[in-house]
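# Structural description and commentary
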Amino acid sequence: MIIAIDGPAGSGKSTTARAVARRLGFRHLDSGAFYRALTYAALRAGVPPERWDDLSPAELDRFAVRAEPAGEGFRLLHDALDVTSEIRSPEVNARVSHMARVPAVRDWLLRRLRQAARGVDLVADGRDMGTVVFPDADLKIFLTADPAIRARRRLAEHGIVEPDDGTLAAEVERLRERDRMDTERSVAPLRMAEDAVPVDTTALTFDEQVERIVRLAESRGDRSRTG
Ligand code: CDP
């Protein structure tokens with residue numbers, strides 16, 4: 001069974017997907033982590049963003065990014081080193097949507113993402129899980145939340161629990177800019193799949209949103225078993 005969770009930046013997809021996967025005993029695939037790892041590797045290799053649109057598959061191979069199953073999900077490696085925390089840096093945040101709009105990059109990853117799903121029950125989160133990567137997913141969720149709430153959650157992840165107005169506004173702007181690039185790009189833009197269930201988490205607690213998705217997954221599972 002595959003559960004696809006998509007949505008805009010900071011909507012809580014990854015944490016929600018991880019919790020849903022744990023509840024169901026599925027593996028968690030954070031597709032954004034792959035785009036982040038490639039961004040990190042390109043910056044480390046000194047390849048300037050102006051050149052990213054022309055990256056070839058061979059160059060992408062040379063970035064030495066790969067994922068290996070670890071715990072309940074996958075660990076992202078660059079040059080065989082675990083880069084799990086490095087790929088969450090503000091520098092990667094600011095650049096990742098540029099990397100993600102490059103068709104050759106999406107193409108290169110498509111195969112790898114599908115390969116990661118082979119033979120396991122999976123909860124995959126990102127921007128195009130339900131529309132492009134796993135169009136036949138058993139359950140598709142589109143997770144949204146009010147921009148100010150998303151910005152607060154994102155800042156809290158970085159330890160800023162009571163942001164002042166300026167800090168909050170700047171974070172809202174950063175999320176907006178990333179959503180704009182993700183929505184307006186020509187390949188695999190961020191959009192809700194026609195058969196996705198929208199879940200607005202603005203007024204939900206984390207446990208409530210997890211519970212809602214687990215229930216939907218359980219009823220889909222029952223339905224596919226009975227007929
Ligand atoms: O966690 P957050 O929503 O901030 O971002 P993420 O899921 O780690 O994804 C980072 C970036 O990767 C997004 O802003 C997209 O540009 C890109 N991405 C994508 O294009 N397609 C995906 N399936 C996942 C991520």
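Everything numeric here is computed off the predicted structure, so don't read it as measured data. (Residues numbered from 1 in each chain as written. Predicted model: local features only at pLDDT ≥ 70, side-chain atom pairs only at ≥ 80, totals over all residues. Heavy atoms only, no water.)

### Brief notes about the environment of K13
Applicable threshold: To qualify as a helix, a DSSP run of H or I must reach at least 4 residues; to qualify as a strand, a run of E must reach at least 2; elements of each kind are numbered from the N terminus. Residue contacts are counted whenever heavy atoms from the two residues lie within 4.5 Å of one another. Polar contacts, as used here, are pairs of N or O atoms within 3.5 Å; protein pairs need one atom able to donate a hydrogen and one able to accept it. Residues neighboring in sequence count only if both atoms are side-chain atoms.
Mapped onto the fold, K13 is located in helix α1 (residues 13-24). In this structure the C-alpha to C-alpha distance between K13 and D125, which are 112 residues apart in sequence, comes to 6.1 Å. Those residues in contact with K13, other than ones at most four positions away along the chain, are I5, D6, G7, P8, D125, G126, R127 and L143. In this structure the side chain of K13 is engaged in a polar contact, spanning 3.0 Å, whose partner is the backbone oxygen of P8.

### Looking at the nonpolar core
Within soluble globular proteins, side chains that are nonpolar generally end up buried alongside one another. To be explicit about the condition: What we call a nonpolar core is a set of buried Ala, Val, Leu, Ile, Met, Phe, Trp, Tyr and Cys residues that are connected through their side-chain atoms within 4.5 Å. The buried label goes to any residue with under 20% of its type's maximum accessible area, the exposed label to any with over 50%, and the partly exposed label to all in between, with areas taken from a 1.4 Å probe on protein chains only.
Counting residues in hydrophobic clusters, the biggest one holds 37 residues, and the most contacted among them are L29, L38, L55, F63, V105 and F134. Within the residue set of this core, elements represented by two or more residues are β1 (2-6), α2 (31-44), α4 (90-100), α5 (103-116), β6 (122-126) and α6 (129-133). If one sorts the elements of this core by residue count, α2 sits on top with eight residues. If near-sequence neighbours (up to four positions away) are discounted, L55 is found in contact with V47, L60, F63, M99, A104 and V105. Grouped together as the second largest cluster of nonpolar side chains are 17 residues, I3, V123, I141 and V199 included.

### Some points on the sheet that holds strand β8 (residues 197-200)
We count it as follows: For two strands to pair, DSSP has to find at least two bridges joining them. A fitted line through C-alpha atoms serves as each axis, taken over the contacting stretch for helices, and the angle formed by two N-to-C directions is quoted from 0 to 180°.
Within the open sheet, the five strands sit side by side as β2-β6-β1-β7-β8. Their pairing is parallel. Edge strands, defined here as strands with exactly one partner in the open sheet, are β2 (27-30) and β8. Averaged over neighbouring strand pairs, the angle between their axes works out to 20° when direction is ignored. When β2 meets β6, the two strands line up parallel, connected through four bridges. Of the residues in β6, the one forming a bridge with L29 is A124.

### Topic: the pairing of strand β4 (residues 73-78)
In terms of strand pairing, strand β3 (residues 65-70) meets β4 through six bridges, oriented antiparallel. Bridge pairing links P69 to F74 in β4. Between β3 and β4, which pair antiparallel one after the other, the connecting turn spans two residues, and G71 there sits at a positive phi close to 55°.

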